[in-house]
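Structure assessment
Listed below, chain by chain, are the residues.
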Amino acid sequence: MLISCTIPAFFFKKGAWLQHRAQTLAIWMMFTMSFPMFVGESKFAVQSSHSETALWVVSGLSLAANIVVFVYHVYKIAKHKRNPLKVEVYTDLKAYKAIAE
């Protein structure tokens, strides 16, 4: 589901990931509501493992990644002395300049 909105956001219409994500979620929900047996009880249904270890590992990795992103964000704000409420923080990155063009 995520790759279907990430590919267009990077290659066709840059900067529109959220719009593509909303559209894919809407299509998925329409499909799920129309064919609930396919999603929940067919041979294609994905069952959770309910492994507590796996849940803790994934949660820990997610928390670590979010902390790294937060620290990087604070670093960029402090280094360039930008107020994130008034100006863009990442205007010096090549990816930002490519999307802005």
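Above this note sits the structure.
Below or above, wherever it landed, is the structure these notes cover.

Right, let's get into the packing of aromatic side chains. In this structure the tally under the stated criterion is five aromatic pairs. Relative to phenylalanine 38, the ring of phenylalanine 31 has its centre 5.5 Å away and its plane inclined at 80°; by these criteria the two rings are edge-to-face. Ring centres of tyrosine 72 and tyrosine 90 lie 6.1 Å apart, and the angle between their planes is 15°; this geometry places the pair in the stacked category. Pair noted here: tyrosine 72 is in helix α4 (residues 52–80) and tyrosine 90 is in the loop between α4 and α5 (94–100), with a separation of 18 residues, a long-range link. Residue class for tyrosine 72 comes out partly exposed when judged on its relative accessible area of 37%.

Reading the values: the criteria
Residues numbered from 1 in each chain as written. Predicted model: local features only at pLDDT ≥ 70, side-chain atom pairs only at ≥ 80, totals over all residues. Heavy atoms only, no water. Phe/Tyr/Trp six-rings, centres within 6.5 Å; stacked < 30°, edge-to-face > 60°. Helix = DSSP H or I, 4+ residues; strand = E, 2+ residues; numbered from the N terminus. Buried < 20%, exposed > 50% of the residue type's maximum accessible area, 1.4 Å probe, protein only.

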